[in-house]
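So the chains spell out like this:
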Amino acid sequence: QVQLVESGGGLVQAGGSQKLSCAASGSIFNIGTMAWYRQAQGKERELVASTSSDGNPYYADSVKGRFTVSRDNANKILALQMNRVKPEDTGVYYCNAIIAPIGQTWRGYWGQGTQVTVSS
C-alpha cells in the first residue's frame, strides 16, 4: 500500500524559514510529478509548487522567489524549503504524487497534511 507522509509543519514567525518533507513508501514502481498544495481555512486547496520526475520545478506566483521545491528520487522524498514566510502562507500543506504502484496503473496520492502557521 502506497503512503505519503508529511513532516516539518509548525509555528513560524513572519520572515522566517520552515522546511517541509514528504516521504513516499510502499510497493512503488515509479513516481511521476510530485507537488505541494496548501489549503487555508475557508479557502480552496491550491497548488504551491511541483517538480517533474526529472526535476523541473513549477511555482505559484505567490511563492516564487521564496520557496524551493526539491526531490530525492532515490529515497522517494519531496521537500519544500520555505523562506521569508508571510502570514498568508498559513494553511495545511499537502503532499501529492502521481505514482505507479507495482503491478498497477498510475494514480494520484495525497498525504494527510501538515499545518503551517505563520505569526505576524
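Residues numbered from 1 in each chain as written. Predicted model: local features only at pLDDT ≥ 70, side-chain atom pairs only at ≥ 80, totals over all residues. Heavy atoms only, no water.

It is not clear to me how the overall build of the protein chain should be interpreted in this structure. Could you clarify?
When helices and strands are counted, the protein chain shows 0 helices and 11 strands. Its C-alpha atoms give the protein chain a radius of gyration of 14 Å, near enough to 14 Å, the size a compact globule of 120 residues would have. Taking the principal axes of its C-alpha atoms as reference, the protein chain extends roughly 50 × 25 × 25 Å. Here the protein chain holds 120 residues, and 40% of them are scored as buried. (Helix = DSSP H or I, 4+ residues; strand = E, 2+ residues; numbered from the N terminus. Rg over C-alpha atoms; globule rule 2.2 N^0.38 Å. Buried < 20%, exposed > 50% of the residue type's maximum accessible area, 1.4 Å probe, protein only.)

It is not clear to me how the pairing of strand β1 (residues 3–7) should be interpreted in this structure. Could you clarify?
The two faces of a sheet get side chains in turn, since along a regular strand they alternate between them. Going residue by residue along β1, you find L4 and E6 tucked away on one face and Q3, V5 and S7 left uncovered on the opposite face. For β1 and strand β3 (residues 18–25), the ladder comprises 5 bridges, and the chain directions are antiparallel. Following the sheet pairing, E6 is matched in β3 by C22. (Pairing = 2+ DSSP bridges.)

Explanation requested: the layout of surface pockets in the structure shown.
If a probe the size of a water molecule is rolled over the atoms, the empty space left behind becomes visible. Quantified by volume, the largest pocket comes out at close to 170 Å³. Contributing to the lining of the largest pocket are R38, Q39, A40, K43, E44, E46, S62, P87, E88 and T90. When its residues are assigned to classes, the lining of the largest pocket shows 2 nonpolar, 3 polar and 5 charged. (1 Å grid on protein atoms, 1.4 Å probe; cavity = no way out; pocket = protein on both sides within 12 Å on 5 of 7 lines; lining within 4 Å. Points joined across faces, edges and corners; volume = space filled by probe spheres on them. Nonpolar A, V, L, I, M, F, W, Y, C, P; charged D, E, K, R; others polar.)

What is the right way to read the pattern of salt bridges from this model?
A pair can form between side chains of opposite charge whenever their charged atoms are brought close. For the coordinates displayed, the defined rule picks out 4 salt bridges. One network of salt bridges, in which partners are shared, links R38, E46, R66 and D89. (Salt bridge = Lys/Arg side-chain N within 4 Å of Asp/Glu carboxyl O.)

So what exactly am I meant to see when it comes to the nonpolar core here?
Considering soluble globular proteins, one finds that nonpolar side chains tend to be buried as a cluster. Judged by nonpolar contacts, the single largest core of 28 residues is most densely connected at W36, L80 and Y93. At the level of elements, β3, β4 (28–39), β5 (46–51), β7 (67–72), β8 (77–82), β9 (91–101) and β11 (114–119) are the ones that each hand at least two residues to this core. When near neighbours in sequence (up to four residues on either side) are disregarded, L80 contacts Q18, K19, L20, W36, V48, A49, F67, T68, V69 and Y93. (Core = buried A, V, L, I, M, F, W, Y, C linked by side-chain atoms within 4.5 Å. Contact = heavy atoms within 4.5 Å.)

Please clarify how the environment of M34 should be interpreted in this entry.
Along the chain, M34 turns up in strand β4. Considering only alpha carbons, one finds M34 and I99, 65 residues apart in sequence, at a separation of 8.9 Å.

Where do I start with the pairing of β3 in this structure?
Of the two faces of β3, the one lined by Q18, L20, C22 and A24 is fully buried and the one lined by K19, S21, A23 and S25 carries no buried residue. Bridge analysis of β3 against β8 gives 6 bridges, and the strand direction is antiparallel. Of the residues in β8, the one forming a bridge with K19 is Q81.

Whenever I open this one, the state of the cysteines confuses me. Can you help?
In a disulfide, the sulfur atoms of two cysteines are covalently bonded to one another. One pass over the structure, following the stated rule, counts 1 disulfide. Here C22 is linked by a disulfide to C95, with a sulfur-sulfur distance of 2.1 Å. Between C22 and C95 the disulfide shows an S-S torsion of about -75 degrees. By sign, it is left-handed. On the criterion of sequence distance, the pair formed by C22 in strand β3 and C95 in strand β9 is long-range, its members being 73 residues apart. Under the relative-accessibility criterion, C22 is labelled buried at 0%. (Disulfide = S-S within 2.5 Å.)

I'm lost on the packing of aromatic side chains in this one. Help?
Any two aromatic rings considered together are summarised by their centre-to-centre distance and by the angle between their planes. With the rule as written, the count across this model stands at 2 aromatic pairs. A connected cluster of aromatic rings, assembled from ring pairs, spans Y37, Y94 and W110. Positioned over the ring face of Y94 is R45, at 3.7 Å from the centre of the ring. (Phe/Tyr/Trp six-rings, centres within 6.5 Å; stacked < 30°, edge-to-face > 60°. Lys NZ or Arg CZ within 6 Å of the ring centre and 35° of its normal.)

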